[in-house]
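Chain by chain, the residues:
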Amino acid sequence: MKAYKDLLTDVLNNGVEKGDRTGTGTLSVFGRQFRHDLNDGFPLLTTKKVHFKSIINELIWFLSGDTNTRWLNENGVTIWDEWATDSGDLGPIYGKQWTEWPTKDGESINQIDYVINTLKTNPNSRRILFHGWNVEYLPDELKSPQQNVVDGKMALPPCHLLYQFYVANNKLSAHLLIRSSDLMLGWPYNCASLAALTTMIAQQTDLGLGEIIITMSDAHIYLNHLDQVKLQLTREPRPLPKLRMKRKPESIYDYRFDDFELIDYDPHPAISAPVAI
């Protein structure tokens, strides 16, 4: 995707060097947007190989409401391990807020059900959204992720925090707000995950596919990722793969990894980069 390479170039040329929570340091810009028509292919990077299985299984895990790494590990996904407690707990992160947002009366709200139901019954609504920014459970930035979990907080605050959906001409589009976007490691996952989620919701609501839009507030490259980013910029993007859904499950919560078929994915080799913890 040329637009991704343009974003990396923008940050290299215009980014301001800033400190951050991890102590690694970043080149950062504020306020950028990416758009992609899902009819032009599935937006999985081709300038480096991206682990599609991790993206899909993480999304299925989010939708299940699970907040322990055990299921992820059993399905070959380790991307959350650094922030979990010894028992795998991550506190009330994404899935908890998406599917079981706690209310003052001790009940809970399933925001995903709300989105699906509203798309089916009132697709012109301007309120078709869900988010994970539950202020009561945000972690203390001065404490470790594990200590925050012990304290009943999230291990990390949500980066991809607000998803809004829009229907026009019987096609579903989605807009994601990312407050803090690690462009080398996090963004490729967020982009493909948004595309997969939009495809799943469109299938469940009998809608066609429109656009995905990602708005990034703090878009940054970690200083220890600069060589990897420059390597990506030397590579020409290849044609995007296609995503085929092999069946339509009964609900948004019934998908399995085997339901997703990635067709004609031919990326450049993977590029390893350290995770800022």
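Residues numbered from 1 in each chain as written. Predicted model: local features only at pLDDT ≥ 70, side-chain atom pairs only at ≥ 80, totals over all residues. Heavy atoms only, no water.

Within the sequence span of helix α8 (residues 226-233), burial applies to Q228, V229 and Q232. End-on, the buried residues of α8 take up no more than an arc of 100°, which puts them together on one face. Buried residues belonging to α8 abut α1 (2-14) and β8 (208-222). (Buried < 20%, exposed > 50% of the residue type's maximum accessible area, 1.4 Å probe, protein only. Helix = DSSP H or I, 4+ residues; strand = E, 2+ residues; numbered from the N terminus. Arc of directions from axis to C-beta. Contact = heavy atoms within 4.5 Å.)

Here we take up the environment of D86. For D86, the position within the fold is in the loop between α3 (70-74) and α4 (94-99). Residue D86 is classed as exposed on the basis of its relative accessible area of 90%. Separated by 60 residues in sequence, D86 and Q146 have C-alpha atoms that sit 8.6 Å apart.

Once that is clear, we can look at the packing of aromatic side chains. Per the stated rule, a full pass over the model turns up 16 aromatic pairs. The interplanar angle of 75° and the centroid separation of 6.3 Å between the aromatic rings of Y94 and W98 together place this pair among those described as edge-to-face. Placement of both Y94 and W98 in helix α4 is noted, with a separation of 4 residues, approximately one turn of the helix. When its relative accessible area of 6% is taken as the criterion, Y94 is described as buried. By relative accessible area, W98 is classed as buried at 1%. Ring geometry for F130 versus F165: centroids 6.2 Å apart, planes at 25°, classification stacked. With a gap of 35 residues between them, F130 in strand β5 (residues 129-131) and F165 in strand β6 (residues 160-168) connect regions that are remote in the sequence. One exposure class covers both F130 and F165, and it is buried. Taken together through their ring pairs, the aromatic side chains of W61, F62, W80, W83, Y94, W98, F130, Y163 and F165 make up a single cluster. (Phe/Tyr/Trp six-rings, centres within 6.5 Å; stacked < 30°, edge-to-face > 60°.)

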